[in-house]
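Chain by chain, the residues run as shown.
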Amino acid sequence: FGQDATLAGFDWGSYLEKSGLLAAPVSCFRHAPLCAQWDDIYVGLKVEVLNTHTALPSKVYWIATVVQLTGYKALLRYEGFEDDDSHDLWCNIGTADVHPIGWCAVNSKLLVPPQAVHRHIKDWKSYLMGRLVGAHTLPVDFHVKMADSLRCTFRQGVRVEVVDRSQVSRTRLAVVDTVIGGRLRLLYEDGGLGPSGEVLSDFWCHTQSPLVHPVGWSERVGHSIKETDVNVNMGSHPAFRKVLQNSVPDQFKKLRTVYLGNTFFEEGMKLEAVDPLNLGNICVASVRKLLLDGYIMVGIDGVEIGDGSDWFCYHASSHAILPVGYCESNDIPLTLPPGYDNATFTWAKYLQETGSLAAPRRLFNTDDVGHGFNPGMKLEAVDLMEPRLVCVATVRRCVGRLLLLHFDGWEPEFDQWVDCQSPEIYPVGWCEITGYQLQPPIGPEPPQGQERSNTSKKAKPF
Ligand code: MLZ
């Protein structure tokens, strides 16, 4: 947990100023609060905001204009400063101290200009009238919408089925402990408690994550589920003391219906798949088993243990499975089975050698969705290998619906491919709004173009 300590010093505003003021707009993140309202938020908007340049003891406000917008963070300039940026302040549009024009009047709050403006503008009342004519402001119901979008149907004591982090091919029963910003801290029902009651095994994911399911899901689709060890007693933990309540399908994201015509995936078919334990790698892979409802189990060629315990469940509509040749046609390095060489590998030869078929291209959900992300944009992203952590990140590449995310300050080995609609990526400022802890970059970017170090990471399940 070492890097948590550096949090105190991190400020998105000055970080963005140093790195080029580019962040993915809130409208890119469908699951994020205010996404649907974001068309109404733009540079030039005027708001009422806390006046931090006053000697008065009580809270007073002043009018300001949005001069930059990066995620939820807006750079505001108080009225009166005109072209002078020396008093600009970064503010989170999603937090409570930014209001529509008129809010102070309705709520009997005082509008007081910052001292520096007061000095050089004599008649600021008529100055302000001039500035406000024709100006746009936040919608009046902005904060109500905000609160609505943070509501969540999950709470402590709700039971779910979620991937077992110690064996990714199966699910396991777990209970919600905490909910922050739609993200769940889940405790495995037989995860065990340490000597002082501490949880020994937990898992974090968003309520819309493809890794979490209603109780009964595994049995219904034919996915394997760990039998709960009844000898482990979790009763002394608050999450287990409540009357436990099973989650139901309505609480989960509806998946797109998959094409179930004459052809579907078949056992043995080859494809390219994001490695669930090395999310920066797209590998040569095989369909190992068909489940119901459009789910398939996939194994990575050449590295399978052989007992199926390293297979991974993907829905047919998942971004993480791709047709053969996808990497080549998009200039992504394909991770080959051991013994193969990038200089000589071809899919045609490999299919022939292994006597297998490529899964038909039309079965994959590779439609371009026009997502709005671009390389260089900053965001807050879950490190899916340690899904408790929401980190400062940058979009490195965009390929179809896939985004290659880089965690600022970390080696490129930590980069991860995610779907543009992943519920585990958030606009800049999301942590501040939801109260989730943000992991800042651990340091400056590691030097580029050097040998990849192979000491730093990985191959640990989540
Ligand atoms: N314990 C891990 C943390 C890695 C987190 C990286 N997040 C981008 C390590 O230090 O290797």
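Since this is a predicted model, take the numbers as computed values, not measurements.

(A) Region of interest: the overall build of the protein. Across its full length, the protein holds 10 helices and 24 strands. Against the 2.2 N^0.38 benchmark of 23 Å for 462 residues, the protein shows a C-alpha radius of gyration of 25 Å, consistent with a compact globule. Judged by the C-alpha coordinates and their principal axes, the protein covers about 85 × 55 × 45 Å. Here the protein holds 462 residues, and 52% of them are scored as buried. Contacts in the protein between residues at least 24 apart in sequence constitute 65% of all its contacts with a sequence separation of at least 6. Surface exposure of the protein reaches about 21700 Å², of which carbon and sulfur atoms provide 52%.

(B) View of the nonpolar core. If you look at the biggest cluster of nonpolar residues, it comprises 119 residues, and the most contacted ones within it are Val162, Phe265 and Phe373. Not counting residues up to four positions away in its chain, the partners in contact with Val162 are Arg170, Thr171, Arg172, Ala174, Leu186, Tyr188, Phe203, Cys205, Leu211 and Val212. The next biggest cluster of nonpolar side chains, apart from the first, holds seven residues, and it includes Val175, Leu193, Met234 and Phe240.

(C) Spatial organisation of unusual backbone geometry. Phi angles above zero are rare outside glycine, and Glu82 is one such case at about 50°. Following the sequence through the fold, Glu82 ends up in the loop between strand E3 (73-78) and strand E4 (89-92). Phi is positive for Asp293, close to 60°, though the residue is something other than glycine. Take Asp293: it is sitting in the loop between strand E14 (278-290) and strand E15 (295-300). What makes Asp293 partly exposed here is its relative accessible area of 44%.

(D) Geometry of helix H1 (residues 12-19). Residues of H1 that are buried include every one of Trp12, Gly13, Tyr15 and Leu16, and no others. For H1, the angular spread of buried residues about the axis comes to 165°, placing them on one side. On the buried face of H1, the contacting elements are strand E2 (61-70), E3, E4, strand E19 (378-382), strand E20 (390-399) and strand E24 (438-439). Phi turns positive, to about 105°, at Gly20, one or two residues after H1.

(E) Representation of helix H4 (residues 124-132). Those residues of H4 that fall on the buried side of the exposure criterion are Trp124, Tyr127 and Leu128. Seen end-on, H4 carries its buried residues on one side only, within an arc spanning 95°. Away from its buried face by more than 90 degrees, H4 exposes Lys125, Met129 and Gly130. For H4, the secondary structure elements touched by its buried residues are E2 and helix H3 (115-120).

(F) Focus on the side chain of Ser169. As for its position among the elements, Ser169 is in strand E7 (residues 167-180). Among all residues touching Ser169, those that are not within four sequence positions of it are His223, Ser224, Met297, Gly308, Ser309, Asp310 and Trp311.

(G) View of the environment of Val43. Tracing the backbone through its elements, the reader meets Val43 in the loop between H1 and strand E1 (46-50). Sequence-wise, Val43 and Gln68 are 25 residues apart; in three dimensions their C-alpha atoms are separated by 6.0 Å. Setting aside anything within four residues of it in sequence, one finds Val43 in contact with Val66, Val67, Gln68 and Leu69.

(H) Local environment of the pattern of salt bridges. Under the definition given, this model contains 22 salt bridges. The partner of Arg159 in a salt bridge is Glu189, and the shortest N-O contact between them spans 2.5 Å. Of this pair, Arg159 sits in strand E6 (residues 158-164) while Glu189 sits in the loop between strand E8 (183-188) and strand E9 (202-206), and the two are 30 residues apart along the sequence. Given the relative accessible area of 18%, Arg159 is considered buried. Here Arg185 ties to Asp202 by a salt bridge, and the two come within 2.8 Å at their closest N and O atoms.

(I) Region of interest: the packing of aromatic side chains. In total, this model carries 21 aromatic pairs according to the counting rule given. With centroids separated by 5.2 Å and ring planes inclined at 85°, the aromatic side chains of Phe29 and Phe373 adopt a geometry described as edge-to-face. Taken together, the positions of Phe29 in the loop between H1 and E1 and Phe373 in the loop between helix H9 (347-354) and E19 put the pair 344 residues apart, joining distant regions of the chain. The exposure class assigned to Phe373 is buried, which follows from its relative accessible area of 2%. With 5.0 Å between their ring centres and 85° between their planes, Trp217 and Tyr295 make a pair best called edge-to-face. Note that Trp217 is positioned in helix H6 (residues 217-221) and Tyr295 in strand E15, a separation of 78 residues in sequence. Neither residue differs from the other here; Trp217 and Tyr295 are each classed as buried. Following the ring pairs from residue to residue traces out a cluster consisting of Trp204, Tyr426, Trp430 and Tyr436. Above the ring of Tyr188, the side-chain terminus of Arg172 is found at 4.4 Å from the ring centroid.

(J) View of the sheet that holds strand E5 (residues 98-99). Strand order in this open sheet of five strands is E4-E3-E2-E1-E5, and the pairing throughout is antiparallel. Two strands in the sheet have a free side with no partner beyond their single neighbour: E4 and E5. Note: E2 against E3, six bridges, orientation antiparallel. The partner of Ala64 across the bridge, within E3, is Tyr78. Together, E2, E3 and E4 form the strand contacts of H1, whose direction differs from that of E4 by roughly 120°.

(K) Molecular detail of the pairing of E15. For E15, the buried fraction is high: six of the six residues fall into the buried class. Residues Tyr295, Met297 and Gly299 point to one face of E15 and Ile296, Val298 and Ile300 to the other, with burial holding for every one of them.

(L) View of the side chain of Thr65. Position of Thr65 relative to the elements: it lies in strand E2. Note on Thr65: relative accessible area 12%, which makes it buried. A polar side-chain atom of Thr65 sits 2.8 Å from a polar atom in the side chain of Lys46.

How each quantity is defined
- Residues numbered from 1 in each chain as written.
- Predicted model: local features only at pLDDT ≥ 70, side-chain atom pairs only at ≥ 80, totals over all residues.
- Heavy atoms only, no water.
- Helix = DSSP H or I, 4+ residues; strand = E, 2+ residues; numbered from the N terminus.
- Rg over C-alpha atoms; globule rule 2.2 N^0.38 Å.
- Buried < 20%, exposed > 50% of the residue type's maximum accessible area, 1.4 Å probe, protein only.
- Contact = heavy atoms within 4.5 Å.
- Areas by Shrake-Rupley, 256 points an atom, 1.4 Å probe, with all protein chains shown as cover.
- Core = buried A, V, L, I, M, F, W, Y, C linked by side-chain atoms within 4.5 Å.
- Arc of directions from axis to C-beta.
- Salt bridge = Lys/Arg side-chain N within 4 Å of Asp/Glu carboxyl O.
- Phe/Tyr/Trp six-rings, centres within 6.5 Å; stacked < 30°, edge-to-face > 60°.
- Lys NZ or Arg CZ within 6 Å of the ring centre and 35° of its normal.
- Pairing = 2+ DSSP bridges.
- Axes fitted to C-alpha atoms, helices over the stretch in contact; angles between N-to-C directions.
- Polar contact = N/O pair within 3.5 Å; in protein donor to acceptor, adjacent residues only side chain to side chain.

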